[in-house]
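# Fold and contact review
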Amino acid sequence: MPREWTTATRNPHATPARQPGRRTVPVIRVQALADTIIELTLQDAHTARTARPGQFVMLYTHDQSRLMPRPFGVAGTNGDTFTIIFAIVGEGTRQFSTLREGDTIDMLGPLGGQAFNLDQPGDYLLVGGGLGIPPLLYAAQRLAAKPDTRTTAILGYRDTRYADTRMQTHTPHTHSITNAQGDVLTLLNTLEPNPNPDQPLTILTCGPKPMMQAVHQWAQTHNANCQTCMEQRMGCGYGACVACTIPTIHGNTKTCTEGPVFPSTTIIW
Amino acid sequence: MTTYTHSTIVAGIPWKNPVATASGTFLAEASTQYYDVSELGAVTTKGVSPIPWEGNPSPRTAESPSGTVNSVGLQNPGIDHYLANDLPQLKQLGATVITNVAGHTPDDYIQVVKKLDNSPADMLEINVSCPNVNAGGLSIGTDPTTLYNLITDLRKTNQQTNSSSNSPPTVTDITTIAKAATDAGADALSLINTLIGMRINTTTGQPILANTTGGLSGPAILPIGLANVWKVRTALPHTPIIGIGGIHNAHTALEYLYAGANAIEIGATALLNPQAPHTIAQELETLLDQRPALAAKLAAGETWR
Ligand SMILES: Cc1cc2nc3c(=O)[nH]c(=O)nc-3n(C[C@H](O)[C@H](O)[C@H](O)COP(=O)(O)OP(=O)(O)OC[C@H]3O[C@@H](n4cnc5c(N)ncnc54)[C@H](O)[C@@H]3O)c2cc1C
Ligand SMILES: Cc1cc2nc3c(=O)[nH]c(=O)nc-3n(C[C@H](O)[C@H](O)[C@H](O)COP(=O)(O)O)c2cc1C
Ligand code: FES
């Protein structure tokens, strides 16, 4: 007779809060915002209710040869649905672009130990580049619900201004520039983003690393608090594999659980 | 809470079921968010070194067909941190803990194993097969004499804890390596670790991993792990073996048990689905219900072959 094993009684204080695991969710809407840029609306009440701006979800292909998770920043929430916006850059995103309403997709999340901190009242400057813009759309959505803040968005695109109309629904102070015209720094230097110098200025930035570094330097000279949303290739997204590190003043630091949002002063640029 | 009826015994240590996590794909603070660690046969923790290690530069991971290539390089906060945090937390949660030990030099391993003497760790797994560090790791696990000397020294340092040596698959004859480890006093063998691999970005022409190469794991390596377990079981009929490599569901776990493993570990699959080790343990319970002869052997500390 095999011996019976049951779970031991344990100290309940040592038991961590459980998170929902990988799950299959319905695709509600698929909309092309530009040639190779797609907005995907998924139904998942947990993500819609709990995701904070800067957090991301993992999506998985249905293809058994492509098993790794693909991270995408939450771009907005509505009721029990949320959106992500992605560019078709490889085979996984190409497969996601063929999803249709009524299909399903596997996801995990929301993930990310550190989100944008929106507690500070005052002026917010959102500086996004390329596919770094989606998390800033969600930050703008949340900031629009806070009466003690004023948001200015500065968006840089390669060509098509795919997110301007969405950003304008959250803030009228939306400015954008395409690569042919210049970069977000050009815009930053021509605008007066901090019209009330007595108000604290918080900068949220997400995009290519050189852009974020320039924004960090701009923040230093303008006495602003700057939070950067960093990108790194990930193996799991929930803190188990230690693959997703970036160099910070604290050593090699995981972007998934210690980030993806970091104070810009902690990054080793 | 699940009741497990199909236990196993690995080198004298009872496991409530044959499923464990594989080193480097389980971290207490991360994985405990998704399942109750006391419901697994065991958990294997990340390779731990005498002092904190910063690991390799990033990117450290690249997808490959039905697999993943990683070059984490054993980043970990060191043995003192481990003894003060992860190990007590996991023991408090009721886990059976296999502590994976890493080193660049024999002295590194000795220092760690010494500190683990009289610790609450249930088993030690000596990583002599990591492809991601320049010294130690694979260079020890591919040379039978070096491995024999290392395990002999570790055995002298710590006689209390059962240890298992994690052997590399990329050797001419894995049975020679396996024999060297057991002759020197290893109580069990963990087979296999990752295989050296790489991916290249065809836009830049450069390797995707900053470290150029890394260790391949995931379903892609399942047949290699199985063949190695089969070979070693044939050569060493009585040595406890933990089968590792490419397990992604209860049926592939079962393949290892039929190849002669006493238990199994799940690595990359846990990265793609955090609850996978727990789900596989539950599904294996049902498969073993249907295979009473195999279940009885495992429960008695024996193996199918
Ligand atoms: C925290 C975070 C948030 C992100 N948010 C967005 C977003 O909102 N919109 C968007 O378009 N993109 C975003 N990305 C980048 C996005 O994850 C990649 O473009 C996507 O994974 C590419 O998948 P693929 O299968 O098409 O490419 P492939 O090259 O076929 O992918 C192969 C593997 O490499 C990984 N990979 C490839 N490029 C990247 C990359 N740039 N960053 C991380 N992993 C990569 C993939 O996840 C996959 O595991 C984000 C990345 C991170 C880390
Ligand atoms: C991200 C990652 C990190 C790993 N780190 C370690 C480690 O620290 N020590 C070790 O002995 N093996 C390590 N391994 C190897 C695994 O424990 C396991 O032997 C290997 O991945 C094969 O199993 P799998 O195919 O189920 O992943 C690591 C594997 C991965 C994917
Ligand atoms: S992606 Fe695995 S630890 Fe961050």
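These numbers were taken from a predicted model, which means no experiment stands behind them.

## Section: the side chain of K46 of chain B
Residues and elements named next belong to chain B. Within the element layout of this structure, K46 appears in the loop between strand 4 (43-44) and strand 5 (61-64). Although K46 is buried, it makes no salt bridge; E125 carries the closest opposite charge, 10 Å away. With sequence-adjacent residues up to four places away left out, K46 is seen in contact with S23, G24, F26, L27, V72, L74, Q75, N76 and N100.

## Regarding the pattern of salt bridges
Residue and element names in this part refer to chain A. The tally for this structure, following the rule as stated, stands at 12 salt bridges over all chains. A salt bridge links R22 to D106, with the nearest nitrogen and oxygen atoms 2.9 Å apart. In this pair, R22 sits in the segment before strand 1 (23-34) while D106 sits in strand 7 (residues 104-111), placing the two residues 84 residues apart along the sequence. With relative accessibility at 26%, the residue R22 sits in the partly exposed group. A single salt-bridge network, built from bridges that share partners, covers R29, E39 and R166.

## Some words on the UniProt feature "binding site: FAD" (unreviewed entry) in chain A
Residues and elements named next belong to chain A. According to UniProt, the feature "binding site: FAD" (unreviewed entry) maps to G92 and T93 in the numbering used here. Tracing the backbone shows G92 in helix 2 (residues 91-97). With residues up to four places along the chain from it excluded, the contact list for G92 reads T61 and R70. The exposure class assigned to T93 is buried, which follows from its relative accessible area of 6%. Not counting chain neighbours up to four residues away, the residues in contact with T93 comprise F72, F86, A87 and I88. Engagement of the side chain of T93 in a polar contact is seen with the backbone nitrogen of G90, the distance being 3.1 Å.

Thresholds applied
- All chains use their own residue numbering, which begins from 1 and follows the written sequence.
- Note on labels: chains are lettered from A, ligands numbered from 1, in written order.
- Per-residue local features of the predicted model are confined to residues with pLDDT of at least 70, and side-chain atom pairs are confined, for both listing and counting, to 80 or more; whole-chain, interface and lining totals are unaffected and use all residues.
- Each side-chain value is derived from all of the structure's non-hydrogen atoms; neither hydrogens nor water enter the calculation.
- Labels follow the DSSP assignment, with helices taken as runs of H or I lasting at least four residues and strands as runs of E lasting at least two, numbered in each case from the N terminus.
- Burial status follows relative accessibility: with a 1.4 Å probe on protein chains alone, a residue under 20% of its type maximum counts as buried, one over 50% as exposed, and anything between as partly exposed.
- Counted charges follow a simple rule, with Lys and Arg positive, Asp and Glu negative, and His plus the chain ends left uncounted.
- Criterion for a salt bridge: a side-chain nitrogen of Lys or Arg within 4 Å of a carboxyl oxygen of Asp or Glu.
- The contact criterion used is simple: two residues touch if any of their non-hydrogen atoms lie within 4.5 Å.
- UniProt positions are given in the numbering used here, feature names are shortened, and annotations may be inferred rather than shown by experiment.
- Any pair of N or O atoms that falls within 3.5 Å is considered a polar contact. Within protein, one atom must be able to donate a hydrogen and the other to accept it, and sequence-neighbouring residues count only if both atoms are side-chain atoms.

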